[in-house]
Amino acid sequence: MPIDILGNNVHIYLKASENERFLAAGVKTWALEPPGAFGTIDEAGMYVAPDTISKQVQVYVVAKCAPLTPGGIAPELDRAVITLSPEIKVVPEDCDQPPGDSRVFTVEPPAQEVDWSITPPSAGTITAAGAYTATSHPEETKTVVITATRRGHVEHHGNATVHLMSVSFYINWLVGY
């Protein structure tokens, strides 16, 4: 479904290679700002994000109307903001963890506001800063999924896998059995 940008204060988030169609009554041309901005937009208002995004950036989709001014410039009707966001990578991506032990997870690229969660919830706790503490008494070795979700955008997330050792496995591992 195309997004009508006229008077709607549009701000959307896209990842690499995603697209969105914009519309606005009376549009003669579409433009991206700043000039040379990331992605492309065609005459029908179809915006396509670049194949790779290394850092979060904002691009403005500008709807311009006819008629042209005497200088040949099309007046601006309205604009939409697109925030291009890189994929979220949780670091470390895969690790083993003893019972009761703690480990801090981070996201790449850094400086993204994320919310942390764990599955299953009974496998321990995780703080807002990504510090995971495993449960002290897992009965069996479990796979725990650590998820970082971009704040306010549940479709933008990354996962890590923790192999939580059972207490008996950990004791045997410590003594070399």
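Residues numbered from 1 in each chain as written. Predicted model: local features only at pLDDT ≥ 70, side-chain atom pairs only at ≥ 80, totals over all residues. Heavy atoms only, no water.

Trainee: Just to check I follow, could you spell out the overall build of the protein for this structure?
Mentor: Of the regular secondary structure elements, the protein holds 1 helix and 17 strands. When each of the 177 residues of the protein is scored for burial, the buried share is 37%. Long-range contacts, defined here as pairs at least 24 residues apart, represent 57% of the contacts in the protein between residues at least 6 apart. Working note: accessible area of the protein is about 9900 Å², and carbon and sulfur atoms make up 55% of it. (Helix = DSSP H or I, 4+ residues; strand = E, 2+ residues; numbered from the N terminus. Buried < 20%, exposed > 50% of the residue type's maximum accessible area, 1.4 Å probe, protein only. Contact = heavy atoms within 4.5 Å. Areas by Shrake-Rupley, 256 points an atom, 1.4 Å probe, with all protein chains shown as cover.)

Trainee: Explain the pattern of salt bridges to me, please; I cannot follow it from the model alone.
Mentor: Opposite charge on two side chains allows them to pair when their charged atoms are near. On inspection of all chains with the given rule, the structure shows 4 salt bridges. As a salt-bridge pair, E113 and R151 come within 3.6 Å of each other at their nearest N and O atoms. In this pair, E113 is assigned in the loop between β12 (106-108) and β13 (114-119) and R151 in the loop between β16 (142-150) and β17 (157-164), connecting sequence segments 38 residues apart. Two residues, R151 and D115, come together in a salt bridge whose shortest N-O distance is 3.0 Å. Separated by 36 residues along the polypeptide, R151 in the loop between β16 and β17 and D115 in strand β13 bring together distant segments of the chain. (Salt bridge = Lys/Arg side-chain N within 4 Å of Asp/Glu carboxyl O.)

Trainee: Please clarify how the nonpolar core should be interpreted in this entry.
Mentor: Across soluble globular proteins, you tend to see nonpolar side chains buried next to one another. Counting residues in hydrophobic clusters, the biggest one holds 20 residues, and the most contacted among them are I5, F22, W30, Y47, V61, I82 and L84. Contributions of two or more residues to this core are made by β2 (11-14), β4 (27-33), β7 (57-65) and β8 (76-84). Considering every element that reaches this core, the biggest residue donor is β7, with 4 residues. Look past the residues within four positions of I5 in its chain and what remains in contact with it is V10, F22, L23, A24, W30, V61, A63, D78, R79 and A80. (Core = buried A, V, L, I, M, F, W, Y, C linked by side-chain atoms within 4.5 Å.)

Trainee: Explain the sheet that holds strand β1 (residues 3-4) to me, please; I cannot follow it from the model alone.
Mentor: Note on sheets: strands pair through backbone hydrogen bonds, and any given pair is parallel or antiparallel. Pairing within the open sheet is mixed, and its 4 strands lie in the order β1-β3-β6-β5. Each end of this open sheet is capped by a strand with a single partner; those strands are β1 and β5 (40-41). Here strand β3 (residues 19-23) pairs with strand β6 (residues 46-48) via 3 bridges, running antiparallel. Across the sheet, the residue bridging to E20 is Y47, located in β6. (Pairing = 2+ DSSP bridges.)

Trainee: What should I look at first to understand the environment of G45 in this one?
Mentor: Residue placement: G45 occurs in the loop between β5 and β6. Residues G45 and T29, 16 residues apart in the sequence, show an inter-C-alpha distance of 8.4 Å. When residues no more than four places from it in sequence are discounted, the contact partners of G45 are E20, R21, F22 and W30.

Geometric descriptors of this kind do not, in isolation, establish any biological role.
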